[in-house]
Amino acid sequence: MDALVTCLVAAVVVLAVVVVVVRARRRPTGRPDGQPAEPPRDGPLRLTPGDRVRIREREYAVSATIRLVEGDWSWVQHLLDDDSGTRHRLSVEDGPELELVFWTAEPGATVTPGAPTIELGGRRYTWAETGQARYTATGETELPSTGTMRYHDYQSGGGARLSFEAYGEEGWRVARGNLLDPADLVIRTGGGSQAS
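Nothing here was measured: the structure is a model prediction, and the numbers come from that model.

Calculation notes
- Residues numbered from 1 in each chain as written.
- Predicted model: local features only at pLDDT ≥ 70, side-chain atom pairs only at ≥ 80, totals over all residues.
- Heavy atoms only, no water.
- Pairing = 2+ DSSP bridges.
- Helix = DSSP H or I, 4+ residues; strand = E, 2+ residues; numbered from the N terminus.
- Phe/Tyr/Trp six-rings, centres within 6.5 Å; stacked < 30°, edge-to-face > 60°.
- Buried < 20%, exposed > 50% of the residue type's maximum accessible area, 1.4 Å probe, protein only.
- Lys NZ or Arg CZ within 6 Å of the ring centre and 35° of its normal.

A.B. asks: Describe the pairing of strand S5 (residues 98–105), and please don't skip the residues or the numbers.
C.D. replies: Inspection of the sheet shows strand S4 (residues 88–94) paired to S5 by 7 bridges, in the antiparallel sense. By the bridge assignment, Ser91 is partnered in S5 with Val101. Linking S4 back to S5 in an antiparallel pair, the connection comprises 3 residues.

As structure tokens, this is what we get:
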């Protein structure tokens, strides 16, 4: 009888080990390059000046962060520097789904906001939203540390975006953007460790 109980206990232990090993093998391990399948939702929200990000195989330094609040809604914009002199930014909205948009400044654009549709660079954008938010800025922004920002946002097919922003009393800043898949973003904190 003792031998039978011992055999049953051993069989249960072996079965439990097999189940654990099979589940571990089924668990997703990430992308083929060893990166996690998706960065943590709060990773892009918590970037700070001095951190580095890689977006679609190009490296950028976070030079500033602007946190914006409009009513119950908030979002973050990280200003990015790649030593090219072109102004880029990463906007992060944490709603029902994490929305990441990579923006490139269009300083020579002569269009202004307000129309239902706008043509720029051979693409037609349709008005999406307009508003005004309070902001807090840290890092190298050339802005006061707090203030207000007005915006007009437009969208086009394929995740294309067009943005008009005016901080304080300044004129409109124009930028074109594209939605990013979270897998397109790799974060390295200021100390160099990988956070996504």
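A.B. asks: Go over unusual backbone geometry, please, and point to the residues and values.
C.D. replies: Across residues other than glycine, the phi torsion is negative in most instances, and most of the peptide bonds are trans. If you check the backbone angles, Arg56 has positive phi at about 50° while not being a glycine. Here Arg56 is to be found in the loop between strand S1 (52–55) and strand S2 (58–70). We note that Asp83 has phi near 65°; this positive angle belongs to a residue other than glycine. Here Asp83 shows up in the loop between strand S3 (73–81) and S4.

A.B. asks: I'd like to hear about the packing of aromatic side chains, residue by residue, with values.
C.D. replies: Throughout the structure, instances matching the rule amount to 5 aromatic pairs. Each ring, one from Tyr135 and one from Tyr167, has its centre 5.2 Å from the other, and the planes form 80°; the classification is edge-to-face. Remark: Tyr167 occurs in strand S9 (residues 160–167) and Tyr135 occurs in strand S7 (residues 123–139); sequence separation between them is 32 residues. Taken as a pair, Tyr135 and Tyr167 share a single burial class, namely buried. An aromatic cluster is defined as three or more aromatic residues linked by ring pairs; in this entry it consists of Trp73, Trp75 and Tyr151. One cation-aromatic arrangement involves Arg150 over Trp172; the distance from NZ or CZ to the ring centre is 4.8 Å.

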